[in-house]
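Below are the chains, spelled out letter by letter.
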Amino acid sequence: MRKFMRVLDGLTASAQTPSRTEVEALPESLTSEHFQMCKTVRHGFPHQPTALAFDTVQKILAIGTKSGALRLLGRPGVDCHCQHESNSPVILLQFLVNEGALVSVCADDSLHLWNLRQKRPAILHSLKFNKERITCCHLPFQSKWLYIGSERGNLHVVNVESFVLSGYVVMWNKAIELSTKDHPGSVVHISDNPRDDGKLLVGYEQGTVVLWDLKSKKAEYRYYYDEAIHSVAWHHEGKQFLCSHSDGSLTMWNIRNPGKPAQIMVPHAKTQKDGKKPEPCKPILKVEYKTSRSGDTFVIFSGGLAYDKAGRRPSLTVMQGKDISVLEMDFPIVDFITLCETPYPSDFQDPYAVVVLHEKDLVVIDLTQNSYPVFDNPYAMDIHESPVTCCEYFADCPMDVIPALYSVGAKQKRQGYSKKEWPINGGSWELGTQSFPEIIITGHADGSVKFWDASAISLQHLYRLKTSKVFEKAHLRDLPDEDPFAVQILSWCPESRVLCVTGVSAHVIMYRFSRFESNVELVALEVRMQSDADNDESPQGDQSPLQQQQQAVVTRSHSVPIAESNPNTTNIASTLESLKVKSNALKQQAGYQAELAIQSLWVYGEPPQQITSLELNSAYSLVAFGNSNGLAIVDYLQKSILLNVSTMEIYNLCDPSQRQLRSPRKGKQSGSGDITDFSGLQESERSKSPTSGDHSQEDKVVSKTWLRVRNKITRPTMANIVTEIVSVVIIAAKHSRKLSLPTHQKLDFDTRESSFSRSRSSSVSSIDKEAREVITAIRFADSITSKYSVGPTPCLWLGTSLGIVLGITLNLPLASADDQKGKQPGIVLPSGTVFKLKGAILRLAFLATDGSLLPAPAEAWWDAKGPEEKEATSYAKRKATSLSTSPSNQELPAGLAPGTDSCYALLCSEKQAKVVSLPTQSCIHRHSITETSFVLHADAVSLAGSVCLACFCANGHIMTFSLPSLRPLLDVNYLPVTDMRIARTFCFAHEGQALYLSSPTEIQRLTFSQEMCENLQEMLGELFTPVETPEAPNRGFFKGFFGGNAPCVDREELFGEAAGRASRNLAQHVPGPGSLEGVRCSATGVAAELARARLALDERGQHLGELDERTAAMAASAEVFSRQAYLLMTKYKDKRWYQF
């Protein structure tokens, strides 16, 4: 008999379960050829900057960082990120002006030549010093010889074209006087005389400056000062130079008078009486000396403030003529550069701006106006204005969202910026063909939320929202948390523009976008989310479920009546509030306006558990959030709590592993044929609204009805479940109270995937009970949660940290004329659907029968001028589904036959993924994602007209799988998770996009779409554009005639082959990946062969061009020689021998 029942069960299951061949026949267009991993662009401020450089002609700015990264910035859209393979800090940067090249010096004593004439810069040559530490470098304008200063005080020369070290060396012992016994220190400055290329000015750390004659190879003048030198700057005429020292002084020297300084200045020192020496100040780290044609002289320096002024912020001092202006900065200054009109140091520079690089900001100051205003920075450099705590990425958004956010965000911009154009405007950038609206939302520690336009691989600030304005400021000093408003989770609906923000203080704020200002009172709800362990240990354990529910849900308008009507609720007064919502009317500007604030209360002196999951649905007007204590569902349209239960109450206070298992023998012995235990249904009173009052009679009626349902649920009468549930709903509606039934576990015996393993022991179950289960994933959807449902209905799906997936049915009634604008309550019904996976649940998604992704239901955005119009429109637009009185009256959706599946559910956990057919609840596909690691983030995204599952693992692997078959398509070892910041901020988006916070100040975007990688080159900006070099200044005839300008020195003759070769042990040449040698050393393959052939062809063409030039030059020389020979012949052909 037992075997017969098993066979019968198998036949029943096979009749309801689709065959695997039918599922595999679903069209899946994605293949491994559609995927390719690459980084696209990096946004934000370079983390821990160390160096700065500017190309005066190309208008390109370069920033080096402590991690070995380079950021190249031009006009908006021209933003490039490069990385040294050694990850060594960048200490020096030097442009080859208007040549499309950059020299970088790293802390590991290596020099690198970058080629900027391509969209992805690459290293052409590298030179690694072995015996000396590099401290300084200088490249004269239009010169190919780079001067290198070392820590030992020596000076070397490098050919930047070949990166070969010259044999010309300036030793420190030859630069100083022989009588000097002390070492001068490391080289801190190198520059050539603006009017004499043969004179080199070398500054040493201990205060010695040497004017070196390159041709005679000896020191022409030596200048000594008692204080250490930090920087040196020339006057454009080459007759004076200015030095900054460690005591905050500036010394002016005449080159022909080395005995003493021509002038000593201490700009920020107090004037002393009786001619005493001024008090020392802080070191002046850098000084620049610029002149203008108007006659004003600019002396700009950083540092030099007095020591007695404690608390003074870092400053930049501008001395224009006799005026001194101190510009205070928000952060310490790393470096600064004065932007001038001409690249020639021998001409009037005419400075027009100063680029100041801070530790956490980039500021450009306008020098052409007396007030020195700053330019409005077009780059997204303020991402880290407050530390980023969470990120969300939305691709292919509605077209009207970005203009709407920009229109309201433009009013938030600060005033007082310079009206001139942004001076760093080099390069070129055009909008690519592949572009769709993209938005990035960042949450910050100060409670602010920022919207960014991320379309076309650029990033522009759109709008800023401050959640802290909702709360009172008076209680901030009493809060134990330093960042009580820190944003933890964001949920945004692009279609309806509704936003929900979860804070670290376990609060949830609902915002709605409006183009009009509002001044209304904010509704506040207070939720007491308490675990079952707390309920058992609490003094209220003896109270009735109604009293416990009244303490669990407290609204502001009903908190006092509850406390007065029930003496057992006095402990609510001792419950501490983490934040206090403003009670008066809140004036809100156009943009996102708060409508509802939900707070989790403190329980017995303990703070509420942080919210771990949040989901918003604008079509249902519901917000669901959960943590380790339980789940809460809020109707933000009616401003009421729809459900507030603990995690175990969702299981109907029963461990799923201990559910009564069905077998033919056990069912026969029981006699009643019960499928599951409904003994916990009397606890449904906990879900009553606090405004329901005393409804003991109604409770009895409902309890009797549920008892009747329990007695009637037998195997032959399973189709009557819906009828009995509807009868309960009708009884509850007649008594005008909210009904929120706790979910119960319904065991599915036809499908193994919907239950736990039957071999679990009671000891293991008890251990699982002690572990606190956390709600980790929430999803609203129009789906089917039960086998016996006849059509899709609004549902809520939950995922927990123990790998459990639960389905809850929602009944949201439609508005009716006699219902006062549709204010009847919603109903939560149990479905009994349970699935089990390995690891915590991360993502829940749904697919249509054709394999396409089913988006969550959403309403279209609307706007209203007043609160009455807004409320009326809200109820009118609410999407609801009401249960009919009889299941026979319900009709199946079009195209859905009885017994077939209407959709597929994608369940993804930390370890595995499953695709389950609904409503048969059979697992059609499963895949173990990882065994040695775990998944940090997963999402179902659209790509190339199809859908795939994208996963990011803790071991750094990014994997994609086809849907619904879960075939592996991509597995790339991208980035190991070395910081929790990466795990917290990593997120996927449609069209194969992803991003994460690579540093506290930068966002790294990447793509795994092959089409995006192919079109990336045309979307990136050009760093180098052909620009004519300005004409050299006219030195004048009389100045050159009377010796005002020295003749040019042939550096090729000084530093070339005549200087000999440098020691092989001093430095080692390393070919870069961008050079021909680097390509030869790269991996073999078709791409490498093509690259080598291309480079060889370019090299051959270059050689042929040089050969043509040499041939033309030889032909011209031969023609001149032939002409001169002919003239000489005609002159002497008629003369005799004695006439010579």
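Position numbers for residues count from 1 along each chain, tracking the sequence in the order it is written. Where local features are concerned, this predicted model is filtered to residues with pLDDT of at least 70; where side-chain atom pairs are given and counted, the filter is 80 or more; whole-chain, interface and lining totals use all residues. No hydrogens and no water enter the side-chain calculation; it runs on all heavy atoms of the structure.

**A look at the nonpolar core**
Stated precisely, the cut-off is as follows: Here, the term nonpolar core denotes a set of buried Ala, Val, Leu, Ile, Met, Phe, Trp, Tyr and Cys residues that are joined through side-chain atoms within 4.5 Å. Burial status follows relative accessibility: with a 1.4 Å probe on protein chains alone, a residue under 20% of its type maximum counts as buried, one over 50% as exposed, and anything between as partly exposed. Helix and strand definitions follow DSSP, with helices as H or I runs of at least four residues and strands as E runs of at least two, each counted in order from the N terminus. Residue contacts are defined here by distance: any two heavy atoms, one from each residue, within 4.5 Å place the two residues in contact.
Core analysis: the biggest nonpolar cluster contains 34 residues, and Phe451 and Tyr592 have the highest contact counts within it. Tallying contributions element by element places helix α4 (residues 401-409) first for this core, with 5 residues. Not counting residues up to four positions away in its chain, the partners in contact with Phe451 are Leu405, Ile439, Ile440, Ile441, Gln460, His461, Leu462, Tyr463, Trp492, Leu499 and Tyr592. In this structure, Leu631, Ile778, Leu796 and Leu810 belong to the second largest nonpolar core, which totals 23 residues.

**Remarks on the sheet that holds strand β59 (residues 1002-1009)**
Filter applied, for reference: For two strands to count as paired, DSSP must find a minimum of two bridges between them. Under this scheme, a helix contributes an axis fitted over its contacting stretch, all axes are lines through C-alpha atoms, and angles between N-to-C directions fall in the 0 to 180 degree range.
The 4 strands lie next to each other as β1-β59-β58-β57, forming an open sheet whose pairing is antiparallel. The open sheet terminates on both sides in strands that have one partner only, identified here as β1 (35-44) and β57 (987-989). Taking each pair of neighbouring strands and ignoring which way they run, the sheet shows an average axis angle of 25°. Pairing analysis gives 6 bridges linking strand β58 (residues 993-999) to β59, with the strands arranged antiparallel. Among the inter-strand pairings, Gln993 is bridged to a residue of β59, identified as Thr1007. Seen against the sheet, helix α15 (residues 1010-1019) touches β1, β58 and β59 and runs at an angle of roughly 55° to β1.

**Some points on the sheet that holds strand β56 (residues 968-973)**
On the basis of which strands lie adjacent, the open sheet formed by 4 strands has the order β53-β54-β55-β56 and antiparallel pairing. The open sheet has two free edges, formed respectively by β53 (935-943) and β56, since each of these has just one partner strand. Each strand axis lies, on average, 15° off the axis of its neighbour in the sheet, ignoring direction. Taken together, the 5 bridges between strand β54 (residues 946-953) and strand β55 (residues 957-962) define a ladder with antiparallel strand orientation. Residue pairing for β55: Cys948 is matched across the bridge by Ser962.

**What about the packing of aromatic side chains?**
To describe a pair of aromatic rings, one takes the distance between the centres and the angle between the planes. Stated precisely, the cut-off is as follows: Ring pairs shown here join Phe, Tyr and Trp side chains whose ring centres sit within 6.5 Å, with only the six-membered ring taken for Trp; geometry is labelled stacked below 30 degrees between planes, edge-to-face above 60, and tilted in between. As a reminder, the over-ring test applies to NZ of lysine and CZ of arginine, requiring each to be within 6 Å of the ring centre and within 35 degrees of the ring normal.
Within this structure, the stated rule accounts for 27 aromatic pairs. The interplanar angle of 90° and the centroid separation of 6.3 Å between the aromatic rings of Phe375 and Trp422 together place this pair among those described as edge-to-face. Here Trp422 lies in the loop between α4 and β30 (438-444) and Phe375 lies in the loop between β28 (362-366) and β29 (388-395), a separation of 47 residues in the sequence. Taking 5.0 Å as the distance between ring centres and 80° as the angle between the ring planes, the aromatic pair formed by Phe394 and Trp492 counts as edge-to-face. Residue Phe394 is located in strand β29, and its partner Trp492 is located in strand β33 (residues 487-493); the two are separated by 98 residues in the primary sequence. A connected cluster of aromatic rings, assembled from ring pairs, spans Phe35, Phe952, Tyr974, Phe986, Phe988, Tyr996 and Phe1008. Just above the ring of Phe336 sits the side chain of Lys286; from NZ or CZ to the centre is 5.2 Å. The positively charged end of Arg497 is found above the aromatic ring belonging to Trp861, 3.9 Å away from the centroid.

**Notes on the pairing of β1**
Regular strands have side chains that alternate between both faces of the sheet. Burial runs high along β1: 8 of the 10 residues are buried. Inspection of the sheet shows β1 paired to β59 by 7 bridges, in the antiparallel sense. Across the sheet, residue Gly44 finds its bridge partner in β59, namely Glu1002.

**Quick notes on the environment of Ala410**
Tracing the backbone through its elements, the reader meets Ala410 in the loop between α4 and β30. It is 7.8 Å that separates the C-alpha atoms of Ala410 and Tyr463, two residues lying 53 residues apart in sequence.

**Regarding the confidence of the model for the chain**
Convention followed: Each residue carries a pLDDT score, the predictor's confidence in it, ranging from 0 to 100.
Here the chain averages 79 in pLDDT, and 74% of its residues register 70 or above. pLDDT under 50 marks residues 537-576. Its contacts with residues more than four places away, or in other chains, come to 64 contacts. Confidence over residues 653-770 falls short of pLDDT 50; this stretch has 185 contacts with residues more than four positions distant or in other chains.

**A word on the environment of Cys397**
Take Cys397: it is sitting in the loop between β29 and α4. In this structure Cys397 comes out as buried when scored by relative accessible area, which is 6%. Put simply, Cys397 and Pro437 are 40 residues apart on the chain and 5.3 Å apart in space, counted from C-alpha to C-alpha. What Cys397 contacts, discounting residues up to four positions off in sequence, is Pro437 and Ile439.

**Overview of α4**
Keep this limit in mind: Here the arc refers to the directions that run from the helix axis out to each C-beta atom.
The set of residues buried in α4 consists of Val401, Ile402, Ala404, Leu405, Val408 and Gly409. Projected onto a plane normal to the axis of α4, the buried residues spread over an arc of 165° and lie on a single side. Considering only its buried residues, α4 is in contact with β30, β31 (448-453), β32 (460-466), β33, β35 (507-514) and β40 (591-600).

**Re the environment of Gln94**
Within the secondary structure, Gln94 is located in strand β6 (residues 90-96). Using a relative accessible area of 19% as the deciding quantity, one classes Gln94 as buried. Residues Gln94 and Ala62, spaced 32 residues apart in sequence, show a C-alpha to C-alpha distance of 8.9 Å. Excluding anything up to four places from it in sequence, Gln94 contacts Ala53, Leu102, Val103, Cys137, His138 and Leu139.

**Considerations on the side chain of Asn193**
Counted only if it meets this: By the criterion applied in these results, polar contacts are pairs of N or O atoms within 3.5 Å in which, for protein atoms, one can donate a hydrogen and the other can accept it, and in which residues neighboring in sequence qualify only through two side-chain atoms.
As for its position among the elements, Asn193 is in strand β14 (residues 187-193). Reaching out from Asn193, the side chain makes a polar contact with the backbone oxygen of Gly238 at a distance of 3.2 Å. Aside from chain neighbours lying at most four places away, what touches Asn193 is Lys199, Trp234, Gly238 and Ile255.

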